[in-house]
Amino acid sequence: KVFVLGEVTTQGVLNLRRRTRLLEAVALAGGLSKFADKSDVLLLRFEDGKEIRTRIDYRKVVSGEKSELNVYLKPGDTIIVN
């Protein structure tokens, strides 16, 4: 399970059955809303008991400029689109 919140078409829980990347999860949530700030997507992940926050510029991921930020999601990840 991963969670998608904020300015996406459908917020909520995604029950993923295979390895899924960030862009795929946004697509599964119906894509970004017209109010989304494409330069401000936040990935929250807990590792070793600590919260890790990664700010992602969606436009740069889509363009391929920062394709390394199109990470594989892990169970419990939360994507917040501002």
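One numbering rule holds for all chains: residues counted from 1, following each sequence as written. Two thresholds apply to this predicted model, a pLDDT of at least 70 for residue-level local features and 80 or more for giving and counting side-chain atom pairs, whereas whole-chain, interface and lining totals are computed over all residues. Each side-chain value is derived from all of the structure's non-hydrogen atoms; neither hydrogens nor water enter the calculation.

Asks: Talk me through the overall build of the protein chain; I want residue IDs and the actual numbers.
Replies: Put simply, DSSP marks the helices as runs of H or I at least four residues long and the strands as runs of E at least two long, and each gets a number from the N terminus on. A tally of regular secondary structure across the protein chain gives 2 helices and 5 strands. Mapped from its N terminus to its C terminus, the protein chain presents α and β elements in the order β-β-α-β-β-α-β. Expected size for 82 residues packed as a compact globule is a radius of gyration near 12 Å; at 12 Å, the protein chain falls within 12% of this value. Dimensions of the protein chain, computed from the C-alpha atoms along their principal axes, are close to 35 × 25 × 20 Å. Only the C-alpha atoms count toward the radius of gyration. The rule for a globule is 2.2 Å times the residue count to the power 0.38.

Asks: Tell me about the packing of aromatic side chains, and name the residues and values.
Replies: The pairing test for Phe, Tyr and Trp rings, Trp by its six-membered ring, is centres within 6.5 Å, and the orientation test on the planes gives stacked under 30 degrees, edge-to-face over 60, and tilted for anything in between. Summed over the entire model, instances satisfying the criterion amount to 0 aromatic pairs. Comment: the charge-over-ring label is applied if NZ (Lys) or CZ (Arg) is within 6 Å of the ring centre and within 35 degrees of the ring normal. Taking NZ or CZ as reference, Arg 19 lies 3.6 Å from the ring centre of Tyr 72, over its face. Directly above the ring of Tyr 72 sits Arg 21, whose terminal nitrogen or CZ lies 4.0 Å from the centroid.

Asks: Any chance you could break down the sheet that holds strand β2 (residues 12-14) for me, citing the residues and the numbers?
Replies: An order of β2-β1-β5-β3-β4 is seen for the 5 strands of this open sheet, with the pairing classed as mixed. Bordering the open sheet on either side are β2 and β4 (50-56), each of which pairs with just one other strand. Within this sheet the neighbouring strands show an average axis-to-axis angle of 20°, counted without direction. For two strands to be treated as a pair, DSSP must find no fewer than two bridges joining them. Where strand β3 (residues 41-47) and strand β5 (residues 78-81) come together, 4 bridges link them in antiparallel fashion. Paired with Val 41 across the bridge in β5 is Val 81. In this description, a line fitted to the C-alpha atoms serves as the axis of each element, helices being fitted only across the stretch in contact, and the angle between N-to-C directions of two axes falls anywhere from 0 to 180 degrees.

Asks: Can you lay out the pairing of β4 for me, pointing to particular residues and giving the numbers?
Replies: Pairing geometry for β3 and β4, over 7 bridges, is antiparallel. Bridging from a neighbouring strand, Arg 45 pairs with Ile 52 of β4. Between β3 and β4, which pair antiparallel in sequence order, lie 2 residues; one of them, Asp 48, sits at a positive phi of approximately 55°.

Asks: Pulling in residues and values, what's your account of the pattern of salt bridges?
Replies: Here, a salt bridge means any Lys or Arg side-chain nitrogen found within 4 Å of an Asp or Glu carboxyl oxygen. Counted by the stated rule, this structure contains 6 salt bridges. The shortest N-O distance in the salt bridge between Asp 40 and Arg 55 comes to 2.6 Å. Remark: Arg 55 occurs in strand β4 and Asp 40 occurs in the loop between α1 (22-28) and β3; sequence separation between them is 15 residues. Summary of the burial criterion: residues with accessible area below 20% of their type's maximum are buried, those above 50% are exposed, and those between are partly exposed, where the area comes from a 1.4 Å probe applied to protein chains only. On the basis of relative accessibility, which here comes to 19%, the residue Asp 40 falls in the buried class. Note that Arg 45 is salt-bridged to Asp 77, the shortest N-O span being 2.6 Å. Placement of Arg 45 in strand β3 and of Asp 77 in the loop between α2 (58-63) and β5 is noted, with a sequence separation of 32 residues between them. Classification of Asp 77 by relative accessible area gives buried; the value is 1%.

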